[in-house]
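Close look at the chain arrangement
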Amino acid sequence: MNRAHILRAIWRTPMISRVQAAALLGLDKSTVSLVVNELLDQGLLEEVAQGEASRQGGRKPVLLQINPRFGAVLGMELQPGFFRAALCDLHGRVIKDWTSEGCRGDESFSEYLLNIIGSLLDDTGEHQQQIMGVGVAMGGLVNSLKNEIAGSIPLHLESYDFQREISDRCQVPVIAENDANACAWGELTFHRTSDMHDFLYVFVQMRHDDRADLTYGGIGVGIGVVINGTLYPGASFTTGEFRSAFWNNQGSGQFSLTDEEAARVTEDPALRERFFRELARNVAVIVNVMNLDHLFVGGDVLKYRQELGPVLREEIQRNWPYETPVQCEISFSSFGEKAVVYGAAAMILDRIFSDQIFPLGDIRNRHGRAEVLSKFTEAILGLGER
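Throughout what follows, the structure given in this document is the object of discussion. (Residues numbered from 1 in each chain as written. Predicted model: local features only at pLDDT ≥ 70, side-chain atom pairs only at ≥ 80, totals over all residues. Heavy atoms only, no water.)

**Let's talk about the pattern of salt bridges**
By the definition in use, this model includes 20 salt bridges. The residue E314 makes a salt bridge to R277 at a minimum N-O spacing of 3.2 Å. Of the two residues, E314 sits in helix 10 (residues 305-319) while R277 sits in helix 9 (residues 269-290), which places them 37 residues apart along the sequence. Judged by relative accessible area, E314 falls into the partly exposed class, the value being 44%. Within this structure, E273, R277, R281, E314, E315 and R318 form a network of salt bridges that share partners. (Salt bridge = Lys/Arg side-chain N within 4 Å of Asp/Glu carboxyl O. Helix = DSSP H or I, 4+ residues; strand = E, 2+ residues; numbered from the N terminus. Buried < 20%, exposed > 50% of the residue type's maximum accessible area, 1.4 Å probe, protein only.)

Structure (structure tokens):
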């Protein structure tokens, strides 16, 4: 557990000294030094530039960080008509990425995805033996802790055992995640050194395949919720699934637009403003009720940020019952159209450096952290021994 705690502390706070890590974790300095030296020998940590000496003088502290070249992770966004993927080092920096269009043919979903993962792993070249995990993000109800997919309308899946069908058949762990949740993981990892702990990620898709246009106009919105520095899945792992408070059987989608209206949102400014206003009013309630300090927006609406941004700010403030301004910063995705891909990779990074078997922070375990190493931490130690 000391190894796991120290690894996570250094990952979340790079350029930290042994003394600072000991103070942060409440551990004895000699214990931290012993573990750090072991991890340096394994190659997982590296010493970098020296810090400043204290006012009392003495030696300058040696700073630590995760060795980004020790391993790699693969993130993937899977959609009915295409997939994107990115290979990232242990700092989350992209080494290589891929984009491919095409629909699944006659093969089963399992065969289709296993073939994609296999081809990607083969194409990573010298990094293949370093890959420690693969994250696959998609639309639908996904329990990423049990690695099960309750259902995915875009991918035509129901009660799919992702662990048995995919992960158990690969040489590295492969974890499924909802696409909106993946986006939240991306921002959480990107901002891991900041004090950003409570935020909402609103992921908006405007699909243009025939099935989406015919059934619900192609508009899909998912929400990722981060509380106390970790993704909150909910009691049934369906946090972020919602239908607008203004919906009243007008269409088969999530909003008060008919399917025909939803299909014209991208080309009709008046319908788009109506959709943005309704979206913003729903989001405002969540932001204000939960007192969140940040809101991220991503997906296909990035091209309309000049239209959507002011509407969000106006509706969040309008929903607030007091005269004081709402303290919620609104940002658009840090990763653009690659947000889902990078988020899927970030989810794996967070699990690798988790100090719990289930990385749920104080949300699920208020009486202390689980006294068990995560599967990924054990994998790290094994990779270091090799």
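Anyway, onward from the coordinates.
**Looking at the packing of aromatic side chains**
Counted by the stated rule, this structure contains 12 aromatic pairs. The interplanar angle of 65° and the centroid separation of 6.4 Å between the aromatic rings of Y160 and F162 together place this pair among those described as edge-to-face. An angle of 55° between the planes, with centres 6.1 Å apart, marks the rings of F276 and Y304 as tilted. Remark: Y304 occurs in the loop between strand 15 (294-299) and helix 10 and F276 occurs in helix 9; sequence separation between them is 28 residues. Both residues of the pair, F276 and Y304, belong to the buried class. Each residue in the set F242, F255, F275, F276 and Y304 is aromatic and connected to the rest through ring pairs, giving one cluster. Positioned above the aromatic ring of W11, the side-chain terminus of R192 is 4.6 Å from the ring centre. For R243, the ring lying beneath its charged end belongs to W247, and the centroid distance is 3.7 Å. (Phe/Tyr/Trp six-rings, centres within 6.5 Å; stacked < 30°, edge-to-face > 60°. Lys NZ or Arg CZ within 6 Å of the ring centre and 35° of its normal.)

**Here's the deal with the sheet that holds strand 7 (residues 131-138)**
Where strands meet in a sheet, backbone hydrogen bonds hold them as pairs that are either parallel or antiparallel. Read from one edge to the other, the open sheet built from five strands follows the order 6-5-4-7-11, with strand pairing classed as mixed. Sheet topology places strand 6 (94-101) and strand 11 (174-178) at the edges, where each strand pairs with a single neighbour. This sheet shows a mean twist of 15° between the axes of neighbouring strands, independent of strand direction. Pairing analysis gives five bridges linking strand 7 to strand 11, with the strands arranged parallel. Looking at the pairing, A137 lines up with E177 of strand 11. On the sheet, helix 4 (residues 109-122) packs against strand 4 (72-79), strand 5 (82-89), strand 6, strand 7 and strand 11 and is oriented at approximately 140° with respect to strand 4. (Pairing = 2+ DSSP bridges. Axes fitted to C-alpha atoms, helices over the stretch in contact; angles between N-to-C directions. Contact = heavy atoms within 4.5 Å.)

**Describing the packing of helix 2 (residues 18-25) against helix 3 (residues 29-42)**
Helix 3 packs onto helix 2 with a crossing angle of 120° between their chain directions and a minimal axis gap of 9 Å. One finds that helix 2 runs oblique with respect to helix 3. Of the two elements, helix 2 crosses helix 3, and the hand of that crossing is right-handed. Residues R18, V19, A21 and A22 of helix 2 touch helix 3, and the partners they reach there are K29, V32, S33, V36, N37 and L40. Taken together, the residues of the contact of helix 2 with helix 3 sort by class into six nonpolar, two polar and two charged. (Parallel < 35°, antiparallel > 145°, perpendicular 65-115°, else oblique. Left-handed = near helix turned anticlockwise from the far one by under 90°. Nonpolar A, V, L, I, M, F, W, Y, C, P; charged D, E, K, R; others polar.)

**Observations concerning the nonpolar core**
In terms of nonpolar packing, the biggest core is built from 49 residues, with I66, L90 and F353 touching the most fellow members. By residue number, the principal contributor to this core is helix 11 (residues 339-352), which donates 11 residues. For L90, the residues in contact, after removing those within four places along its chain, are W11, L44, I66, N67, P68, F70, G71, A72, M132, L349 and F353. If you look at the next biggest cluster of nonpolar residues, it comprises 35 residues, including V202, L271, L292 and V326. (Core = buried A, V, L, I, M, F, W, Y, C linked by side-chain atoms within 4.5 Å.)

**Describing the sheet that holds strand 13 (residues 219-227)**
The strand order across the open sheet built from five strands is 14-13-12-15-16, with neighbouring strands paired in mixed fashion. The sheet terminates laterally at strand 14 (230-231) and strand 16 (329-332), the two strands that pair on one side only. Bridge count for strand 13 against strand 14 is two bridges, and the pairing is antiparallel. Opposite V226, over in strand 14, you have L231 as the bridge partner. On top of the sheet, helix 9 reaches strand 12 (199-206), strand 13 and strand 15; it is set at about 160° to strand 12, its chief contact.

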